[in-house]
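Residue-level listing of the chains:
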Amino acid sequence: QVQLDESGGGLVQTGGSLRLSCAASGSIFTIHAMGWYRQAPGQQRELVAQIISDGTISGINYADAVKGRFTISRENAKDTVYLQMNSLKPEDTAVYYCNADITIITNTFIRDDYWGQGTQVTVSS
């Protein structure tokens, strides 16, 4: 009932920039949070950045490794989240996954966690 479409990954040199986009579509009633995770080969998936906007609860969280270099933003009218990545390092190389905490409406309300298919980011040294 929900699809997350990611774009913007690619190959970049150290110090370069990339911008990831993730658009949510489907039977969306409320988006409680949207964010980005990444998984490098042989590593666990980890949170990169997240925007929470859930009634009285709101905020932005960043992994320590990306603070000051990455910026997450959300365009509510388009149900889209962006990740601007600057000063990229080889250790940022990973598959980046969009994640969203969404309540959908069908014949009832269902809240669930959704994932995109992943987009590869490769930073060459």
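What you are looking at is a predicted structure, and each value in this text was computed from that prediction instead of being measured.

Colleague: Could you clarify how one ought to interpret the state of the cysteines in this entry?
Modeller: In a disulfide, the sulfur atoms of two cysteines are held together by a covalent bond. Taken as a whole and assessed by the stated rule, the structure comprises one disulfide. A disulfide bridge connects Cys22 with Cys98, and the sulfur atoms are separated by 2.0 Å. Taking the torsion about the S-S bond as the criterion, the Cys22 to Cys98 disulfide, at about -80 degrees, is left-handed. Remark: Cys98 occurs in strand β9 (residues 94-105) and Cys22 occurs in strand β3 (residues 18-26); sequence separation between them is 76 residues. Take Cys22 and Cys98: they sit in the same class, and that class is buried.

Colleague: What's the story with the environment of Ile110 in this structure? I'm lost.
Modeller: Note that Ile110 resides in strand β10 (residues 109-115). Taking the C-alpha atoms as reference points, Ile110 and Ile28, separated by 82 residues in sequence, lie 9.8 Å from one another. Residue contacts for Ile110: discarding those within four places in its chain leaves Ile102, Thr103 and Ile104.

What counts as what
Residues numbered from 1 in each chain as written. Predicted model: local features only at pLDDT ≥ 70, side-chain atom pairs only at ≥ 80, totals over all residues. Heavy atoms only, no water. Disulfide = S-S within 2.5 Å. Helix = DSSP H or I, 4+ residues; strand = E, 2+ residues; numbered from the N terminus. Buried < 20%, exposed > 50% of the residue type's maximum accessible area, 1.4 Å probe, protein only. Contact = heavy atoms within 4.5 Å.

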